[in-house]
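Chains, contacts and geometry: an overview
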Amino acid sequence: MHAPRTQLKAEARPVDEVHDVFVMQGGGSLGAFQAGVYQALDEAGVVPDWIAGISIGAINGAIIAGNAPEDRVAALRKFWNLVSSDLLYHLDEPIGFARRAFNEASAAIGCTIGVPGFFNPRIPMPLPNWPREIGQLSYYDTTPLRRTLLDIVDFDRINHKDTRLSVGAVNIRNGNFAFFDNHEREIRVEHIMASGALPPGLPAVEVDGEWYWDGALLSNTPLQFVLDHRETCCMNVFQVDLFAATGDMPRTMADVAQREKDVRFSSRTRLNTDMNRRLQKLSSAARRLARKLPDDLLDDPDLAELLAYRPEGPVAIMHLINRGHGFETNSKDYEFSRMTVNEHWALGYHDAMISLKHPDWINRKLKPDEIATFDLVGATPHVG
């Protein structure tokens, strides 16, 4: 691990080492928001020890982990320029209905002709009741994404393990969540593509004889995996969500479709952090209790189970949420116009810069086993 770049203050630190962790949701074209966040963190000197991602978060994560630190922002820019398009007329000022119509037209073009470097329409398209091989049961072919990843990502660097990389997918046969982690196995291009294989649009991907779909089908936020598999240390977690759990009440059927997608893919983020905060308190209580027990109980297997459940160390979570724009619709995660992609990137950069400079983040001070969440962008910042 590199020397800590960001200090996490604690009243009584169990260890001196600080790990910086990036946690990234899936969300298609919204993933440019994560690239903007990474640029801001990179400029602030934050270098990830560990990256965990789902779907487009796994793709962004592979690009980051699979390039030298000084090349990562340029590699992300190369990818997002490749998969975005300037086919439509560029609107200088996004205004209301006109901008919504622009985005819908852009999404329709992508659905019709595909996205360069990402996916092409499958011809012939599979019919609903006509059997085909599992790898061809999709509306689009992701062969272009395979070529793109092999061009931009150095998988030898990923497997050198300088940066830990974990990407989530779902085993189609048994329905179980699977995380592919470079600390446990060699990571290949198939592992990254499996994490982003969202049906029915994108095809399943075979990995070592098993077939996988996008991890977002079970959970779009890999925070739980990080907290369950962390080491004993202080941790700064930069959690970048592409769908907001909170939002306005729908007024149209289009609003209903968008809000449903936000709720489904936000993956109960706040519930997960609240639950892990309670579990962290229980683990801390178990360690305090162990110091009070007589010697003849210190070898009790139940005590050993409790003490091994959750590693020590405070966790500060900077929660960065893509809250989007009012003109966006249900197509926002598959609308790949260059203008919109650049806007997502700029918004991620902006929100990360605000959060990094916020006094609540700069002056944070955590108890030895505390988990604290810092949502510092918006009208009502949340800390706690």
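These remarks concern the structure in this document. Small disclaimer: the values here were computed from a predicted structure and weren't measured.

Observations concerning the layout of surface pockets
Of the volumes computed, that of the largest pocket is approximately 600 Å³. In terms of lining, the largest pocket is formed by 30 residues, of which the most central are Leu198, Gly201, Leu202, Asp333 and Tyr334. Looking at the lining of the largest pocket, the elements with two or more residues in it are α2 (56-65), α4 (96-113) and α9 (253-266). Counting residues per element, the lining of the largest pocket draws most heavily on α9, which supplies 3 residues. Counted by class, the lining of the largest pocket contains 17 nonpolar, 9 polar and 4 charged residues. The element contributing the most residues to the lining of the second largest pocket is α9, with 4 residues.

As for helix α12 (residues 338-357)
If you check α12, its first and last C-alpha atoms are 29 Å apart, about what 20 residues at 1.5 Å a residue would give, namely 28 Å. Within α12, the full set of buried residues consists of Met339, Thr340, Val341, His344, Trp345, Gly348, Asp351, Ala352, Met353, Ser355 and Leu356. Looking at the buried positions of α12, the neighbouring elements they touch are α1 (32-43), α3 (72-83), α4, β9 (234-241), β10 (315-321) and α13 (359-362).

Some points on the packing of aromatic side chains
Scanning the model with the defined rule gives 14 aromatic pairs in all. Relative to Phe179, the ring of Phe177 has its centre 5.0 Å away and its plane inclined at 45°; by these criteria the two rings are tilted. Phe177 gets classed as partly exposed once you look at its relative accessible area, which sits at 33%. For the ring pair Phe180 and Tyr212, a centre distance of 5.2 Å and an interplane angle of 80° mean the geometry is edge-to-face. In this pair, Phe180 sits in strand β6 (residues 177-181) while Tyr212 sits in strand β8 (residues 210-214), placing the two residues 32 residues apart along the sequence. In this structure, Phe180 and Tyr212 share a single accessibility class: buried. One cation-aromatic arrangement involves Arg77 over Trp345; the distance from NZ or CZ to the ring centre is 3.6 Å. One Lys or Arg, Arg364, reaches over the ring of Trp361 and ends 3.8 Å from the middle of that ring.

How each quantity is defined
Residues numbered from 1 in each chain as written. Predicted model: local features only at pLDDT ≥ 70, side-chain atom pairs only at ≥ 80, totals over all residues. Heavy atoms only, no water. 1 Å grid on protein atoms, 1.4 Å probe; cavity = no way out; pocket = protein on both sides within 12 Å on 5 of 7 lines; lining within 4 Å. Points joined across faces, edges and corners; volume = space filled by probe spheres on them. Helix = DSSP H or I, 4+ residues; strand = E, 2+ residues; numbered from the N terminus. Nonpolar A, V, L, I, M, F, W, Y, C, P; charged D, E, K, R; others polar. Expected span 1.5 Å × (residues − 1). Buried < 20%, exposed > 50% of the residue type's maximum accessible area, 1.4 Å probe, protein only. Contact = heavy atoms within 4.5 Å. Phe/Tyr/Trp six-rings, centres within 6.5 Å; stacked < 30°, edge-to-face > 60°. Lys NZ or Arg CZ within 6 Å of the ring centre and 35° of its normal.

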